[in-house]
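Each chain, written out:
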Amino acid sequence: MDERNLTYMFYGLSAAWLILAGYVLSLAAREKRLKRQLDNLKRMIEERERK
Amino acid sequence: MKENNFRRNTLYGLAVLAALLLARNLHVILRGLPDEEEQGAIYRIIFFHLPAFFTAAVCYLLALVSSALYLVKRKARYDALAAAATEVGLAFAAVNLITGMIWARIIWGIWWTWDARLTWALVCWLVYAGYLMLRRAIEDPSERARNSAVLSIFAFVSVALTWKAIEWWRTQHPGPVLRIRGAEGAMDPAMESMIYWNWLALLLVGAVLLAVRMRQEQMAREIDALRRHAHAL
């Protein structure tokens, strides 16, 4: 079997997995940021309402 | 609370099912199926290249339907679904484009050519990327939803053109190879069925990503509402 052929098959399959993994990581990071923003806002509103 | 738990458990269940199916598929692709007579091992890229495009097309179709529904019903959840489906579709379309380029490097000896199918696939990706950029550029939620819904409907033309490009313009990219597209005997049935199995796996992955992305859209809306409330205080 042509070694270059096999290497590029590996690149192709890895690229597919890496793109999806990268997207999953970006979703996880966004989720974390949104949760933090939501918590901060809720806390800020509670404090303002208490005053 | 019970509904949230049910939703979360369903999501975990789908994610586990997708992971198991992907692992099984990968095993069959690498160990079960023989090399292709002319292309050797590299043809295995097709098991991600095609299903990724199909999954992206399903996402774009979902975005089209939910955008139309938003324009008719003006419900925020349709806008959220359109945005989520477009973003997930873009990730799968990127898989399609990049795997295609790597495959082309070996089979055609080039990374890229301005062939009809490739060009339309790229145009399609850029149009939907533009959709997401447009959403970032408009602050008012209802104006953002209305404008992006209209763009999403027009953008679907590029999906249809990408789909039909291999029939209408016979250039570098091969014509249809699947039976569902009328190509009889172009591909070994075992290989063709593997394409559908991996499409199912990618659809499951897509469904999980879509659900997560939808939840984030809801959180973003909640943040917007709280910000307005905080301003009013």
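Values in this document were obtained by computation on a predicted structure and should not be read as measured data. (Residues numbered from 1 in each chain as written. Chains lettered and ligands numbered in written order. Predicted model: local features only at pLDDT ≥ 70, side-chain atom pairs only at ≥ 80, totals over all residues. Heavy atoms only, no water.)

Visitor: I keep staring at the interface of chain B and chain A and nothing clicks. Help me out?
Guide: By a widely used convention, the size of an interface equals the accessible area lost when the partners come together. Contact with chain B, which involves 39 residues of that partner, is made by 29 residues of chain A. Summing both partners gives a buried area of about 3,200 Å² for chain B against chain A, and 75% of it is carried by carbon and sulfur. The largest share of the area that chain B buries against chain A comes from Gln216(B), Met219(B) and Ile223(B), three residues that together contribute 17% of it. Applying the counting rule to chain B against chain A returns 3 salt bridges. Across the pair Lys42(A) and Glu222(B) runs a salt bridge whose closest N-O atoms are separated by 3.8 Å. Linking chain B with chain A are 11 residue pairs in polar contact (both at pLDDT 80 or more). Of all the secondary-structure elements, those providing two or more residues to the side of chain B that touches chain A are helix H1 (2-32), helix H3 (76-107) and helix H6 (189-232) of chain B. Counting residues per element, the side of chain B that touches chain A draws most heavily on H6(B), which supplies 15 residues. Across the side of chain B that touches chain A, the residue classes break down as 25 nonpolar, 6 polar and 8 charged. (Contact = heavy atoms within 4.5 Å. Buried area = accessible area lost by both parts, 1.4 Å probe. Salt bridge = Lys/Arg side-chain N within 4 Å of Asp/Glu carboxyl O. Polar contact = N/O pair within 3.5 Å; in protein donor to acceptor, adjacent residues only side chain to side chain. Helix = DSSP H or I, 4+ residues; strand = E, 2+ residues; numbered from the N terminus. Nonpolar A, V, L, I, M, F, W, Y, C, P; charged D, E, K, R; others polar.)

Visitor: When you look at the side chain of Arg144(B) in this model, what are you seeing that I'm missing?
Guide: All names here are of chain B. One can find Arg 144 in helix H5 (residues 141-168). Although Arg 144 is buried, it forms no salt bridge, and the closest oppositely charged side chain is Asp 224 at an N-O distance of 4.0 Å. The contact partners of Arg 144, leaving out residues within four places of it in the chain, are Arg 135, Ile 138, Glu 139 and Asp 224. (Buried < 20%, exposed > 50% of the residue type's maximum accessible area, 1.4 Å probe, protein only. Lys, Arg positive; Asp, Glu negative; His and termini not counted.)

Visitor: Would you mind going over the layout of surface pockets with me for this structure?
Guide: Gaps left between atoms are located by rolling a probe of water-molecule size over the structure's atoms. Put simply, the largest pocket is a space of about 850 Å³. Around the largest pocket, the lining comprises 24 residues; the ones closest to its centre are Arg135(B), Arg136(B), Arg144(B), Glu217(B) and Ala220(B). Only helix H1 (3-50) of chain A together with H3, helix H4 (116-137), H5 and H6 of chain B provide two or more residues apiece to the lining of the largest pocket. Per-element tally for the lining of the largest pocket: the top contributor is H6(B), with 9 residues. Taken together, the residues of the lining of the largest pocket break down into 8 nonpolar, 2 polar and 14 charged. Size it by volume and the second largest pocket reaches roughly 720 Å³. (1 Å grid on protein atoms, 1.4 Å probe; cavity = no way out; pocket = protein on both sides within 12 Å on 5 of 7 lines; lining within 4 Å. Points joined across faces, edges and corners; volume = space filled by probe spheres on them.)

Visitor: I would appreciate a short explanation of the nonpolar core in the present structure.
Guide: When a protein is soluble and globular, its nonpolar side chains tend to lie buried together. Counting residues in hydrophobic clusters, the biggest one holds 67 residues, and the most contacted among them are Ile46(B), Phe47(B), Tyr60(B), Phe92(B) and Tyr128(B). In terms of residue count, H3(B) provides more of this core than any other element does, 14 residues in total. Setting aside chain neighbours within four positions, we find Tyr128(B) in contact with Tyr60(B), Thr86(B), Leu90(B), Ser152(B), Ala155(B), Phe156(B), Ser158(B) and Val159(B). Formed by 8 residues, the second largest nonpolar core is a distinct cluster that contains Leu41(A), Met219(B), Leu226(B) and Ala230(B). (Core = buried A, V, L, I, M, F, W, Y, C linked by side-chain atoms within 4.5 Å.)

Visitor: Got a minute to help me understand the side chain of Thr86(B) in this structure?
Guide: Note on placement: Thr86(B) falls in helix H3. Sequence-distant contacts of Thr86(B), that is, excluding residues within four places in its chain, are made with Tyr60(B), Ala63(B), Tyr128(B), Tyr131(B) and Leu132(B).

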